[in-house]
Each structure stands twice: as C-alpha cells, then as structure tokens.
Amino acid sequence: MGPVMCVVGARPNFMKMAPILRALAAHRPAIPALLVHTGQHYDKDMSDRLFDDLRLPRPDVNLEVGSASHAVQTAEVMRRFEPTLDTHRPSCVLVVGDVNSTLACTLVAVKKGVPVAHVEAGLRSYDRGMPEEINRVLTDQVADRLYTTERSAAANLQREGVADDRVCFVGNVMIDSLLDNRQRATSPSETLRRHGREPALIEDPGGYAVATLHRPSNVDDPAVLAGLLGVLAEVASRLPLVFVLHPRTRANIERHGLDRLLDSSRIATLPPQGYLEMLGLMAKAQIVLTDSGGLQEETTALGVPCLTMRANTERPITVEEGTNTIVGQSREAILDGVDEILAGRGRRGRMPELWDGHAAARIASDLWQWLQAR
Ligand code: UD1
C-alpha cells in the first residue's frame with residue numbers, strides 16, 4: 001500500500017495531525033504515512049514550536065508557500081503539491097480542518113484520482129463570509145471519506161447531498177492531543193516569566209482571563225478592532241487579562257495605532273504561544289475570550305467557561321453541551337458574559353460524545369478498512 005499523505009499547513013492543523021500520525025504508526029499492521037507541510041504558517045512561533053511541543057516528526061516535504069492573498073496562497077499550494085503527489089504516489093491524502101491548504105491539496109488530489117480523507121468534516125457556521133466556511137463546504141463536497149467530530153456534522157453533510165456512507169463519526173482528534181499533553185502543560189506563571197512579565201499579575205485568587213482574536217471579521221476593520229480592544233480593557237478592570245496576539249492582530253494594532261488601548265498594568269500581551277503554554281494558560285483561566293474554533297473546543301474539554309466573540313459557531317456542541325457562550329462583538333453581551341462567570345454562574349458543561357482521546361485510533365482503523373476495500 002502506498003503511504004497515506006498527511007497534510008498540514010497552518011497552526012490549527014498541527015494539534016490534529018499529531019495524534020493521527022501516532023495512530024497510523026500504532027495500527028496493526030502499521031499504516032505507512034508521509035507528512036507534508038505546505039508552509040502556510042512558517043514562523044517559529046506559528047509552526048516550529050508547535051512541532052516540538054506536539055512531538056510531530058519533521059515534515060517529509062515542506063512546500064514553503066508562506067503568506068499571500070487567498071488566491072495566490074491557494075494556487076501556490078496547488079502548484080507545489082501536484083509534483084509531490086506524482087513523486088510519492090500515496091494511497092490517499094489525509095487533510096484536516098478548514099484552512100486554505102486543506103482545500104488546495106484536496107482539489108489537486110481528487111482531480112488526479114487520489115482519494116481524500118477529511119478529518120473534522122461537516123462543521124458549518126452557515127456564514128459564507130468566512131474563508132474557512134468556503135474551504136469546509138468545498139472540501140467536503142469532493143473528499144471521499146469524511147470523519148466528523150460531533151453528530152450535528154452528519155446532518156449538515158446530508159443537507160448538502162453528501163451520501164451517508166461517506167461519513168464516519170469518530171470524535172475529536174484535537175481533544176486526543178489535549179488529553180495526551182495535559183500533564184505536560186506549562187504553568188501560566190512560568191509562561192509569563194518567560195516573556196519578562198510579572199507572574200504576580202495572574203496569581204491573584206480572583207483568577208485571570210485569557211483572550212485571543214484573529215478572525216478577519218474582528219481584526220481587519222480598525223473600528224471593530226478598536227471596539228473589541230476597548231471591551232478587553234474593560235474586562236481587564238474586572239480581572240487581569242493575558243492577551244495572546246496573533247501576527248495578523250498585532251500587525252493591525254500597530255498599523256492603526258491602537259496600542260494605547262492595551263496600555264494597562266492589568267493586561268499582559270504575549271506573542272503567539274506554543275501548544276503547552278497555551279494549554280497551561282487556558283486550563284487555569286477563569287474565562288477564555290476568543291474567536292478561535294479550536295479554543296471553543298479545548299475550553300469545553302477543560303471545563304473552562306468560554307465567551308466566543310463571533311456571531312456564530314461551526315461547533316454547536318460546545319454551546320449545547322460544553323462551556324461556550326456566543327457573545328458576538330457587542331460590548332454589553334461580552335461584559336454580561338464576564339459578569340455572569342465572575343458571579344459563579346459560568347458554564348461547566350460536560351465532555352461531548354467520543355471526545356475521549358481515541359478519535360485518531362478510530363480514524364486509523366476505519367482508514368485501513370476503507371483503503372483495503374478500495
Ligand atoms: C489561518 C487560517 C485560519 C486559522 C488561522 C490560525 C485560512 C483561510 N485561515 O488564518 O482558519 O484559524 O490560520 O492561525 O487558512 N503570519 C505570520 N507568520 C506565520 C503565518 C502568518 O506572521 O507563520 C502573518 C502574515 O502576515 C499573514 C497573516 O499572519 O499575512 C495571516 O496569516 P494566514 O495564514 O494568511 O491566515 P491566518 O489569519 O493565520
């Protein structure tokens with residue numbers, strides 16, 4: 001059997017792929033795999049550190065595409081991925097998540113007759129203004145095997161005319177990584193110390209909040225970004241805030257001269273963190289405020305209340321069963337959410353079905369059978 005060609009491109013892909021690669025190797029018989037990094041994320045902070053933290057092997061191939069417009073980035077991944085497929089002749093291509101690399105490699109593979117398996121299929125925000133939503137819908141239309149993290153995903157796929165027999169509910173590989181690494185997480189005090197910040201800031205018995213923001217809808221428009229930073233400053237007047245800045249967000253803050261909004265002794269801004277630092281920061285937080293998809297799931301698994309600063313979520317189970325509340329961009333909704341949590345009425349939630357640390361093993365065993373049957 002040719003290798004399973006596993007594709008990663010951007011930060012949220014790495015924590016999903018690490019357990020899958022281990023499960024392919026642990027399967028009996030072992031399933032040969034090759035790791036391709038498109039290079040969509042390339043910084044030490046956005047890429048290399050995560051490889052180390054997650055004990056991911058070095059990629060067999062790095063396409064080094066880097067940053068560009070969506071069109072150029074997607075096209076460049078496609079152009080560079082095609083000869084890689086020709087060289088390695090994999091039995092299938094396995095993609096995860098919803099980033100530009102996911103769609104680009106899927107398109108190349110299916111058109112060359114190479115089957116594609118998509119992990120984290122069927123999630124829908126029903127917001128076509130999100131680039132990730134376009135990537136999800138198109139990837140799921142053409143991929144051959146669709147692995148889902150929650151039951152609602154199958155209903156979304158059915159609505160789009162996807163045949164049931166392509167869909168397999170396996171649970172959440174991101175939570176495999178979380179459960180696997182929880183004991184190794186870096187203590188939040190240590191993380192602050194590493195960045196020259198005073199750990200006393202977060203050692204207050206009242207706890208601290210963690211914030212992240214990077215969605216174009218929140219950070220690209222200077223008025224929206226300024227509004228949200230202002231709200232975060234108000235949050236910080238209630239409890240100390242650790243704000244982990246994505247490169248896109250930092251660049252926009254600098255471009256529009258918004259730094260002063262974060263100029264408070266109660267706010268620690270940090271550069272993008274490694275996996276173990278971020279896990280440690282979240283696990284001990286009172287509140288997480290975010291627009292990330294991954295953090296909505298991780299906070300549910302950790303039992304930490306999460307306020308999602310978006311109009312919608314593609315991960316409804318985190319709201320229905322987990323700790324997530326959708327608060328959008330409204331100042332009142334965000335501060336009300338914070339006050340509810342500080343009053344002890346934050347959501348504790350429960351662990352969703354099959355978020356049990358064995359999703360990757362289920363993928364390996366299904367993939368083996370599926371490839372044998374082809
Ligand atoms: C991408 C994904 C998004 C995911 C996010 C996590 C798509 C459409 N979006 O968005 O789903 O949640 O990654 O981070 O694929 N940059 C760096 N260093 C890097 C990478 C990027 O400085 O290693 C900067 C560049 O200035 C770049 C900007 O960040 O222009 C945005 O990066 P890009 O990969 O285009 O999209 P993200 O916003 O990170």
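Above this text is the structure in question.
Residues numbered from 1 in each chain as written. Predicted model: local features only at pLDDT ≥ 70, side-chain atom pairs only at ≥ 80, totals over all residues. Heavy atoms only, no water.

Draft legend 1. Quick look at the overall build of the chain. Counting its regular elements, the chain contains 16 helices and 13 strands. A compact globule built from 374 residues should have a C-alpha radius of gyration of about 21 Å, and the chain, at 20 Å, falls within 12% of that. With respect to the principal axes defined by its C-alpha atoms, the chain has extents near 60 × 40 × 35 Å. Across the 374 residues in the chain, those meeting the buried criterion constitute 58%. Contacts in the chain between residues far apart in sequence, at least 24 positions, make up 70% of those at least 6 positions apart. (Helix = DSSP H or I, 4+ residues; strand = E, 2+ residues; numbered from the N terminus. Rg over C-alpha atoms; globule rule 2.2 N^0.38 Å. Buried < 20%, exposed > 50% of the residue type's maximum accessible area, 1.4 Å probe, protein only. Contact = heavy atoms within 4.5 Å.)

Draft legend 2. Representation of the pairing of strand S11 (residues 287-290). Burial along S11 is two-sided: the face carrying Ile-287 and Leu-289 and the face carrying Val-288 and Thr-290 are both buried. Across three bridges, the pairing between strand S8 (residues 209-213) and S11 is parallel. Each residue of the ladder has a partner; that of Ala-211, found in S11, is Leu-289. Relative to strand S12 (residues 306-308), S11 is paired through three bridges, and the arrangement is parallel. Across the sheet, residue Val-288 finds its bridge partner in S12, namely Cys-306. Regarding topology, helix H13 (residues 293-302) serves as the crossover connection from S11 to the parallel S12, and that connection is right-handed. (Pairing = 2+ DSSP bridges. Right-handed = clockwise from strand over helix to strand, strands pointing away.)

Draft legend 3. Representation of the environment of Phe-81 within the structure. Here Phe-81 is to be found in helix H3 (residues 70-88). Measuring from C-alpha to C-alpha, the distance between Phe-81 and Thr-106 comes to 9.9 Å, with 25 residues separating the pair along the chain.

Draft legend 4. Broad picture of the environment of Asp-98. Mapping Asp-98 onto the fold places it in the loop between strand S4 (92-96) and helix H4 (100-111). Placed 74 residues apart in sequence, Asp-98 and Leu-24 show a C-alpha to C-alpha distance of 22 Å. With residues near it in sequence (within four places) discarded, Asp-98 still touches Glu-120, Glu-132, Asn-135 and Arg-136. For Asp-98, the side chain forms a polar contact with the side chain of Arg-136, separated by 3.0 Å. (Polar contact = N/O pair within 3.5 Å; in protein donor to acceptor, adjacent residues only side chain to side chain.)

Draft legend 5. Representation of the nonpolar core. Counting 59 residues, the largest nonpolar core has Val-4, Met-17, Ile-20, Leu-94 and Leu-367 as its most contacted members. In terms of residue count, the dominant contributor to this core is helix H1 (residues 11-26) (eight residues). Once you skip the residues sitting within four places of it in the chain, Leu-367 turns out to touch Val-4, Leu-24, Cys-92, Leu-94, Ala-117 and Tyr-147. Among the nonpolar cores identified, the runner-up in size contains 28 residues, and Leu-213, Val-219, Leu-245 and Ile-267 belong to it. (Core = buried A, V, L, I, M, F, W, Y, C linked by side-chain atoms within 4.5 Å.)

Draft legend 6. Representation of the site of the ligand. Every one of the 19 residues lining the ligand counts as a neighbour, but Gln-40, His-41, Tyr-42, Glu-132 and His-214 are closest to it. At 2.9 Å, a backbone N or O of Tyr-42 approaches an oxygen atom of the ligand. In the model, an oxygen atom of the ligand is placed 2.9 Å from a nitrogen or oxygen of the Asn-100 main chain. Out of a free accessible area of 750 Å², the ligand has 83% covered by protein chains. (Near = heavy atom within 4 Å. Areas by Shrake-Rupley, 256 points an atom, 1.4 Å probe, with all protein chains shown as cover.)

Draft legend 7. Focus on the sheet that holds S12. Strands sit in the order S10-S9-S8-S11-S12-S13 across an open sheet of six strands; the sheet is parallel. Every other strand in the sheet has two partners, leaving strand S10 (267-270) and strand S13 (324-326) as the edge strands with one partner each. On average, each strand axis in the sheet is tilted by 20° relative to the strand beside it, whichever way the strands run. (Axes fitted to C-alpha atoms, helices over the stretch in contact; angles between N-to-C directions.)

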